[in-house]
Amino acid sequence: MKQRLHKIWAFVMALVVVFSTMSFTINMHYCGDTLVETALFHKAKGCGMEMSGPVTEGCTVTKKNCCEDKQLTVEGQDELQLSVQNMSLDQHLFIASFVYTYMNLFEGLSETIIPFKDYSPPLVERDIQVLYEVYLI
């Protein structure tokens, strides 16, 4: 039991470390004010309506591009400073109750309980007209 608790605790702490140190980027492509595409870990492809470079040969009016690319970067921690002494009592209680309920979630029942074994099955309903072959014409 204690070994299982230690394995679960180690797994939970490993997940906390991985998710707190992970960095990622979300790329978004807007066409006007409408979000067209969102991409995680790679550049958004776009809608195909991007304008090429402005042509200024003999023209003084340039048209503004309606498409826009935005990036949202979520930075993870570079240094981990895990200290159990700095945790409050509420945090200790939360972690203890989480681990306890997680452990009990996968434990099975000691015996199979059949709640209807003392009751007789319901009577089978039969269509009496078909049983006696009496049909209304």
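Residues numbered from 1 in each chain as written. Predicted model: local features only at pLDDT ≥ 70, side-chain atom pairs only at ≥ 80, totals over all residues. Heavy atoms only, no water.

## A few points about unusual backbone geometry
And step 1. Here E133, not a glycine, exhibits a phi torsion of approximately 55 degrees, which is positive.
And step 2. Relative to the helices and strands, E133 is located in the segment after α3 (128–131).
And step 3. Judged by relative accessible area, which is 62%, E133 ranks as exposed. (Helix = DSSP H or I, 4+ residues; strand = E, 2+ residues; numbered from the N terminus. Buried < 20%, exposed > 50% of the residue type's maximum accessible area, 1.4 Å probe, protein only.)

## Section: the pairing of strand β2 (residues 34–40)
And step 1. In this sheet, β2 lies alongside strand β1 (residues 24–31) in antiparallel orientation, the contact comprising 6 bridges. Bridge pairing in β2 links N27 to A39.
And step 2. In this antiparallel pair of consecutive strands, β1 and β2, the connection spans 2 residues, and G32 shows a positive phi of 75 degrees. (Pairing = 2+ DSSP bridges.)

## Thoughts on the sheet that holds β1
And step 1. A sheet is described by the order of its strands in space; here 3 strands give the open sequence β2-β1-β3, paired in antiparallel fashion. Single-partner strands in this sheet number two, and they are β2 and β3 (67–74). Put simply, the sheet's adjacent strands are angled 20 degrees from each other on average, direction ignored.
And step 2. Alignment of β1 against β3, held across 8 bridges, turns out to be antiparallel. Across the sheet, the residue bridging to H29 is D69, located in β3. (Axes fitted to C-alpha atoms, helices over the stretch in contact; angles between N-to-C directions.)

## What about the packing of aromatic side chains?
And step 1. Taken as a whole and judged by the stated rule, the model has 2 aromatic pairs.
And step 2. Taking the centre distance of 6.3 Å and the plane angle of 25 degrees together, the rings of F94 and F98 count as stacked. Separated by 4 residues within a single helix, F94 and F98 lie in helix α2 (residues 89–105), roughly one turn from each other.
And step 3. For F94, a relative accessible area of 56% corresponds to the exposed category.
And step 4. An aromatic cluster of at least three residues, connected via ring pairs, comprises F94, F98 and Y102.
And step 5. Residue placement shows K70 over the ring face of Y30; its charged tip is 5.1 Å from the ring centre. (Phe/Tyr/Trp six-rings, centres within 6.5 Å; stacked < 30°, edge-to-face > 60°. Lys NZ or Arg CZ within 6 Å of the ring centre and 35° of its normal.)

## Digging into the side chain of H29
And step 1. Among the secondary structure elements, H29 is positioned in strand β1.
And step 2. Within the local environment of H29, its side chain forms a polar contact with the side chain of D69, the two groups lying 2.6 Å apart. (Polar contact = N/O pair within 3.5 Å; in protein donor to acceptor, adjacent residues only side chain to side chain.)

## Re the confidence of the model for the protein
And step 1. Looking at the protein as a whole, its pLDDT mean stands at 77, while 78% of the residues score no less than 70.
And step 2. The spread of mean pLDDT over the elements of the protein runs between helix α1 (residues 2–21), the lowest at 80, and β1, the highest at 86. (pLDDT = per-residue confidence, 0-100.)

## Points about the environment of L40
And step 1. Among the secondary structure elements, L40 is positioned in strand β2.
And step 2. For the pair L40 and T25, spaced 15 residues apart in sequence, the C-alpha separation works out to 6.2 Å.
And step 3. If sequence neighbours within four positions are ignored, L40 has contacts with F24, T25 and I26. (Contact = heavy atoms within 4.5 Å.)

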